[in-house]
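# Structural overview
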Amino acid sequence: MSLPSRPRADRGRSRPASLNERMAAPISAAAVAALADEAIDWRFKGLPASWWGRTPAQICAQAPDLFDGGGIAGSAGGAGIAGPAGGGGTAGSAGGGGAVGPVCVLRAEALTHNLTTMADWCRDRGVELAPHGKTHMAPQLFARQLDAGACGITAATLSHVRAYRAFGVRDVVLANELVDDAGLRWLAAELDAHPDFSTVCWVDSVRGVELMTTTLAAAGAGRPVDVCVEVGMPGGRTGCRGQSAVDEVARAAAASPRLRLVGVAGYEAARGHDIAPEAKAGVIGYLQEMRAAVVRLAPLFEMDRVIVTAGGSTYFDAVADVLTGDWPAGLAVRTIVRSGAYLTHDDGLYARTSPLRAALLPALQVWAQVVSRPEPGLAVLTMGRRDVSFDQDLPVPMGLADSVVTKLNDQHAYLRLGGDDSVEVGSWLGFGISHPCTVFDKWQLIPELDADDRVVGLIRTFF
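Below is a summary of the structure that appears in this document. A quick note: this is a predicted structure, and the numbers were derived from the prediction, not measured. (Residues numbered from 1 in each chain as written. Predicted model: local features only at pLDDT ≥ 70, side-chain atom pairs only at ≥ 80, totals over all residues. Heavy atoms only, no water.)

## Side note on the overall build of the protein
Counting secondary structure elements, the protein contains 12 helices and 17 strands. The proportion of buried residues among the 463 residues of the protein is 55%. In the protein, of all internal contacts separated by at least 6 residues, the share reaching a separation of at least 24 is 71%. Just so you have it, the protein exposes about 17,600 Å², and 52% of that area is on carbon and sulfur atoms. (Helix = DSSP H or I, 4+ residues; strand = E, 2+ residues; numbered from the N terminus. Buried < 20%, exposed > 50% of the residue type's maximum accessible area, 1.4 Å probe, protein only. Contact = heavy atoms within 4.5 Å. Areas by Shrake-Rupley, 256 points an atom, 1.4 Å probe, with all protein chains shown as cover.)

Set out below in structure tokens:
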């Protein structure tokens, strides 16, 4: 995210290339493409055994029906995106050679729709997007997000950054403090070895600034590390508590010969996901504190264009409302939102809270087989906490009115039926999910399907 810095001859800092000046690609196309040549085997749960020993490129070239020609049939995936062929909510057992339950899938049409919808929204609202990569940790999806106009990819940990760099991601927002010696030394070496690599991380304490400065100096870092002072909130997560702490940390970062103060960061969703008017008023108040910090600290920033960044997947509309437009004369600001869940959306948390909930489509599903009907009104399925998210809501059955998942074990789901007598042992059922971040981490290779359930992609994740 580097941009031309104000001249600081006393610090001997070289002028980094701006985003517009760079010639390097935002991600290594070759590294991403190489994923298509990795052999499929038993490590990748849910996939047909007939695929073992073949590569994603070979599978996708044939575009097979994941569900073996309709062996699994079910409800459409919602909002016009087809589910497994056959319709009607439930059907019989899977044919030989097809997927084995449970299996997680992505819907190609919904992914494309969501990419375009979010890109258009950001352009119309005058914000940039650095989507949070921890949602899916899939380089193939990073590439699509960057192709759709993302200015970089956000990371939560240094391990994420190292994974991104393995695939040549050029611009990274590390939305966290970085104070460990080994991590700072790695980052310094990576920055010095790759002039096109750009990263920015947070600082929220003078002690943190001191640790970073000492370690980077000892490592002989040639490039300063760009930092944003993080504005926190009482009872929240990281971030400076109160104006005086913000200002003190900002002054310390600006004075450090190994850091470069480039902006202000925050995370408004530390307040939760409540979109009631009184809750949103608190979010707006917090964002206004961030805005005030940008104005107040303007003389300290070492960028021609100051970064202000916030935005989970619930309040990014408020971020755009508060942190764009009408800045004081002479203060140029880049507003960067970091939403990640928009890409797949969901059938739970973000279906209720996303500012684009009426426009986005759920793209992530988990399919499971009924393994037992031990009592009237109850079906037990081959899907559990090891397969699907449960931290926000339980899975949502598709095409089964008045039915609800009531409990998950490690490998089983309890589905209380709403009177559908067609659900039998052997039936396959599809489920929407809530909070995609805790589904992706359970699957290493996820089939991407078209509207006819043909495999058009195999998405590799790295958690």
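## Regarding the packing of helix 5 (residues 158-166) against helix 6 (residues 181-193)
Two elements in contact, helix 5 and helix 6, have axes separated by 11 Å at closest approach and are oriented at 25°. By the angle between their directions, the pair helix 5 and helix 6 is classed as roughly parallel. In terms of crossing hand, the pair formed by helix 5 and helix 6 is left-handed. Here helix 5 contributes L158, V161, R162 and R165 to the contact with helix 6, which in turn contributes G183, W186 and E190. Within the contact of helix 5 with helix 6, the residues separate by chemical class into 3 nonpolar, 1 polar and 3 charged. (Axes fitted to C-alpha atoms, helices over the stretch in contact; angles between N-to-C directions. Parallel < 35°, antiparallel > 145°, perpendicular 65-115°, else oblique. Left-handed = near helix turned anticlockwise from the far one by under 90°. Nonpolar A, V, L, I, M, F, W, Y, C, P; charged D, E, K, R; others polar.)

## Observations regarding helix 6
With 13 residues, helix 6 should cover 18 Å at 1.5 Å per step; its first-to-last C-alpha distance of 18 Å lies within 8% of that length. Taken as a whole, helix 6 has its buried residues at G183, L184, L187, A188, E190 and L191. The arc that holds the buried residues of helix 6, viewed along the axis, is 165°, so those residues lie on one side. When the buried face of helix 6 is taken as reference, the exposed residues oriented beyond 90 degrees from it are A182 and A193. Residues of helix 6 that are buried make contact with helix 5, strand 5 (198-203), helix 7 (206-218) and strand 6 (225-230). (Expected span 1.5 Å × (residues − 1). Arc of directions from axis to C-beta.)

## Quick notes on the environment of G152
Note that G152 resides in the loop between helix 4 (139-147) and strand 3 (153-155). A residue is classified by how much of its surface remains accessible, and G152, at 1% relative accessible area, is buried. C-alpha separation for the pair G152 and R170, spaced 18 residues apart in sequence, amounts to 7.3 Å.

## So, the pairing of strand 9 (residues 332-337)
Most of strand 9 is tucked away: 5 of the 6 residues are buried. Pairing between strand 2 (residues 128-129) and strand 9: 2 bridges, direction parallel. In the strand pairing of strand 9, E128 is matched with I336. With 6 bridges joining them, strand 8 (residues 305-310) and strand 9 adopt parallel strand pairing. In the strand pairing of strand 9, I307 is matched with R334. (Pairing = 2+ DSSP bridges.)

## Concerning the side chain of S313
Note that S313 resides in the loop between strand 8 and helix 10 (316-322). Note on S313: relative accessible area 10%, which makes it buried. Looking at S313, its side chain comes within polar contact range of the main-chain nitrogen of G340, at 3.4 Å. Within the structure, the side chain of S313 is placed 3.1 Å from the backbone nitrogen of A341, a separation counted as a polar contact. (Polar contact = N/O pair within 3.5 Å; in protein donor to acceptor, adjacent residues only side chain to side chain.)

## Considerations on the pattern of salt bridges
Note that side chains of opposite charge can pair when their charged atoms are close. Evaluation of the coordinates by the stated rule reveals 22 salt bridges. One salt bridge connects R305 with E128, and the closest N-O pair in it is separated by 4.0 Å. Of this pair, R305 sits in strand 8 while E128 sits in strand 2, and the two are 177 residues apart along the sequence. Assessed through its relative accessible area of 34%, R305 is described here as partly exposed. Notably, a salt bridge pairs E128 with R334, separated by 2.8 Å at the nearest N-O pair. Here the residue E128 occupies a position in strand 2, and R334 occupies one in strand 9, the gap between them amounting to 206 residues. Given the relative accessible area of 21%, E128 is considered partly exposed. Several salt bridges converge on common partners, so that one network encompasses E38, D41, R43 and R460. (Salt bridge = Lys/Arg side-chain N within 4 Å of Asp/Glu carboxyl O.)

## Points about the packing of aromatic side chains
One pass over the structure, following the stated rule, counts 4 aromatic pairs. A ring pair is formed by F67 and W367, whose centres lie 5.9 Å apart and whose planes are at 55°; its orientation type is tilted. Here F67, found in the loop between helix 2 (56-62) and strand 1 (103-107), pairs with W367, found in strand 10 (residues 364-375); they are 300 residues apart in sequence, far enough to count as distant. For the pair shown, F67 and W367 are each scored as buried. Between F167 and F462, the aromatic rings sit 5.4 Å apart at their centres with planes inclined by 50°, giving tilted as the arrangement. Note that F167 is positioned in the loop between helix 5 and strand 4 (171-177) and F462 in the segment after strand 17 (455-460), a separation of 295 residues in sequence. Residue classification places F462 among the partly exposed positions, given a relative accessible area of 30%. When the ring centre of Y414 is taken as reference, the NZ or CZ atom of K407 above it lies at 4.4 Å. (Phe/Tyr/Trp six-rings, centres within 6.5 Å; stacked < 30°, edge-to-face > 60°. Lys NZ or Arg CZ within 6 Å of the ring centre and 35° of its normal.)

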